[in-house]
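Residue-level structure breakdown
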Amino acid sequence: MNANKAPWGGRFHEKPSSLFLQFSQSVSFDWRLYKQDIKGSIAHARMLEKIGIIDQKESEEIQRGLTEILEEIEQGQFKWSTQLEDIHMNIESALINKTKAGLKLHTGRSRNDQIATTMRLWVKEEVQKILSLLSRLQAVLVQWAEENVEVVIPGYTHLQKAQVVLLAHQILAYVEMLERDKEKFKECYNNADVLVLGSGALAGSSIELDREYVANLLGFSRISQNSMDGVSDRDFVLDFLYGASTLGIHLSRFAEDMVLWSSSEWGFLELPDAFSSGSSLMPNKKNPDCFELLRGKSARLISNLNRLSILLKSLPLTYNRDMQEDKEPLFDSADTVERCLEMLIAMIPKLKIKKSLCLKQSEDSLLFATDIVDWLVQKRIPFREAHHKVGELIGYCQKNSLSLDAVPSSVLDAIHPELSKQWKSFFDPHKSLERKKTMGSPNPDLVRKRILFWKESLKSSLGS
Ligand code: ARG
């Protein structure tokens, strides 16, 4: 057999059209699976030796050949050829050029179970990288929250000022989201952690392959139980893309908050020069491009999930060549996630909170209306009545161009005899936060505790 020709040459009489070769090749993008593909092949060779399909010498030659190919690829010396469809055929052909024993390597194996195995190995490694980046981003956010732990800002609903919160509380909200993202990626890892090699093309093999042995060599925790599912399951890729998509949504929401905070209308945040751009026309501009791009990148992450879902939804069992299209969205999402996380980890420590402007924005007396209702309720006034009365007060203020804290005592006395004595104390943002009682609220003591919790729990994932 000529190692540079397609292995199915026996049945074919015509050469493949160059147009078809160009159209169908995947090596231009799947080459990057080389480490995992070679690792899988070495394990397969060792297993073939163990069950007596190849002898020790052949096994050693195959393993040496594959190791050399790995080095050639890493040193940029390997010649990838698009004449040979994919990574598997490129590597197999190079191996056969090195040793005749290479002709035996594909025993009991199909590219269908080979690619599924290779991708599972790749996804498992990628998840580990992303989990560690997520922990680092959490740590950077926690640090940022801690440095600004006394800063009060208005919190928003409907993008309208609602009640005061601690800035740290809002930052920690993103830490919670990232924790859920980690859970999704761990779930992906667990679903990828199954050895499918040994499924053959779809129906297993009549050679008694030792699948447990291969699973052990490759670090898979279990082996698949249905060969047809084994070659056609891409749920672990969907899981990855779902994790990346949700993470993209979270990062985009964070980015949007930062775009608002850095605007002159909000004024909470000074953007670092090193991570911002100016305008080619307007000398006054400093734009939050980094956050805008983060928001924009989420579109890729969301659509890559969609792309794979559409690809898979009508495929009959088992392997179909359509599935080759699973790789580009996977790689794109992995690369995008890594870049976004690295960018944020570097940028967040350089963001400056403008503390006095935050405080100024938190002194709007309407932000404390709900506190007044809560106080009245504790004086035994039914909630709906208290809500109505404070609403009336706000109407009165608007009619008379008054701020809520300047309502005259005579008006307050009509609501509750003790109200006017309390009145001024309602409008202190720090006191308002200290009054918060519920678990998970922005009460400063609770926020400080949560910061400590995160610092402690991130220690193990950061390996310090
Ligand atoms: N390049 C193919 C893919 O990524 C490998 C499997 C090809 N199998 C086949 N029967 N043509 O899906």
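Residues numbered from 1 in each chain as written. Predicted model: local features only at pLDDT ≥ 70, side-chain atom pairs only at ≥ 80, totals over all residues. Heavy atoms only, no water.

Some details on the overall build of the protein chain
Per the secondary structure count, the protein chain includes 19 helices and six strands. Here the protein chain has a C-alpha radius of gyration of 31 Å; the compact-globule value for 464 residues is 23 Å, and the former is much larger. Excluding contacts between residues fewer than 6 apart, the proportion of contacts in the protein chain whose partners are at least 24 apart in sequence is 76%. Only carbon and sulfur atoms are counted for the fraction: they give 52% of the accessible area of the protein chain, which is about 23,500 Å². Charged side chains in the protein chain number 60 positive and 62 negative. The centres of these two groups are separated by 3 Å. (Helix = DSSP H or I, 4+ residues; strand = E, 2+ residues; numbered from the N terminus. Rg over C-alpha atoms; globule rule 2.2 N^0.38 Å. Contact = heavy atoms within 4.5 Å. Areas by Shrake-Rupley, 256 points an atom, 1.4 Å probe, with all protein chains shown as cover. Lys, Arg positive; Asp, Glu negative; His and termini not counted. Charge placed at Lys NZ, Arg CZ, Asp CG, Glu CD.)

A closer look at the packing of aromatic side chains
What the rule picks out here adds up to 14 aromatic pairs. Here the aromatic rings of tryptophan 423 and phenylalanine 426 are separated by 5.8 Å at their centres, their planes lie at 85°, and the arrangement is edge-to-face. According to the relative accessible area criterion, tryptophan 423 is buried, its value standing at 3%. Both rings, one in phenylalanine 453 and one in tryptophan 454, keep their centres 5.1 Å apart while their planes meet at 70°; by these two values the pair is edge-to-face. By relative accessible area, which is 3% here, tryptophan 454 ends up buried. Taking NZ or CZ as reference, arginine 32 lies 4.5 Å from the ring centre of phenylalanine 331, over its face. Residue placement shows lysine 50 over the ring face of tyrosine 213; its charged tip is 4.9 Å from the ring centre. (Phe/Tyr/Trp six-rings, centres within 6.5 Å; stacked < 30°, edge-to-face > 60°. Buried < 20%, exposed > 50% of the residue type's maximum accessible area, 1.4 Å probe, protein only. Lys NZ or Arg CZ within 6 Å of the ring centre and 35° of its normal.)

Comments concerning the site of the ligand
Taken together, Ser26, Asp86, Arg111, Asn112, Ile115, Tyr319, Gln324 and Lys327 make up all the residues around the ligand. Contact distances for the ligand include 3.4 Å between a nitrogen atom and a side-chain N or O atom of arginine 111. One nitrogen or oxygen atom from the side chain of glutamine 324 is found 3.0 Å from a nitrogen atom belonging to the ligand. Sort the elements by how many residues they give to the shell around the ligand and helix H6 (residues 111–147) lands first, with three residues. Looking at the shell around the ligand residue by residue, the classes come out as two nonpolar, three polar and three charged. (Near = heavy atom within 4 Å. Polar contact = N/O pair within 3.5 Å; in protein donor to acceptor, adjacent residues only side chain to side chain. Nonpolar A, V, L, I, M, F, W, Y, C, P; charged D, E, K, R; others polar.)

Re the pairing of strand S1 (residues 152–157)
Pairing geometry for S1 and strand S2 (residues 160–166), over six bridges, is antiparallel. Along S2, the bridge assignment pairs tyrosine 156 with lysine 161. (Pairing = 2+ DSSP bridges.)

Concerning the nonpolar core
One finds Leu141, Trp144, Phe240, Phe291 and Trp423 to be the most contacted residues of the largest nonpolar core, which totals 127 residues. A per-element tally of this core places H6 first, with 16 residues. Once you skip the residues sitting within four places of it in the chain, phenylalanine 240 turns out to touch Val123, Glu126, Val127, Ile130, Phe185, Cys188, Leu330, Ser333 and Ala334. (Core = buried A, V, L, I, M, F, W, Y, C linked by side-chain atoms within 4.5 Å.)

Digging into the side chain of asparagine 287
Summarising the element assignment, asparagine 287 is placed in the loop between strand S5 (269–270) and helix H11 (289–312). Assessed through its relative accessible area of 18%, asparagine 287 is described here as buried. Each residue touching asparagine 287, except ones within four places of it in the same chain, is listed here: Leu271, Ser276, Ser277 and Gly278.

Some points on the UniProt feature "domain: Fumarate lyase N-terminal" (unreviewed entry) in the protein chain
Per the UniProt record, "domain: Fumarate lyase N-terminal" (unreviewed entry) is annotated on residues 10–301. Along residues 10–301 the backbone is 61% helical and 7% strand, and the end-to-end C-alpha distance reaches 43 Å. (UniProt positions renumbered as here; feature names shortened; annotations may be inferred.)

Some points on the UniProt feature "domain: Argininosuccinate lyase C-terminal" (unreviewed entry) in the protein chain
Feature annotation in UniProt places "domain: Argininosuccinate lyase C-terminal" (unreviewed entry) on residues 368–434, given in this structure's numbering. Counted over residues 368–434, helix gives 63% and strand 0%. Its end C-alpha atoms are 13 Å apart.

Section: the environment of methionine 323
Following the sequence through the fold, methionine 323 ends up in the loop between H11 and helix H12 (327–347). Judged by its relative accessible area of 2%, methionine 323 falls in the buried class. Spatially, the C-alpha atoms of methionine 323 and arginine 234 are 8.7 Å apart, while their sequence positions differ by 89 residues. When neighbours within four sequence positions are excluded, methionine 323 is seen to be in contact with Val231, Ser232, Arg234, Leu311, Leu312, Leu315 and Thr318.

Re unusual backbone geometry
Residue threonine 318 is bonded to the preceding leucine 317 through a cis peptide linkage, with omega at 10°. With respect to the helices and strands, threonine 318 occurs in the loop between H11 and H12. Residue leucine 159 is not a glycine yet carries a positive backbone phi of 55°. When you line up the elements, leucine 159 lands in the loop between S1 and S2. Judged by relative accessible area, leucine 159 falls into the exposed class, the value being 54%. The backbone phi angle of arginine 380 is positive, close to 75°, even though this residue is not glycine. Relative to the helices and strands, arginine 380 resides in the loop between helix H14 (369–378) and helix H15 (383–399). Given the relative accessible area of 75%, arginine 380 is considered exposed.

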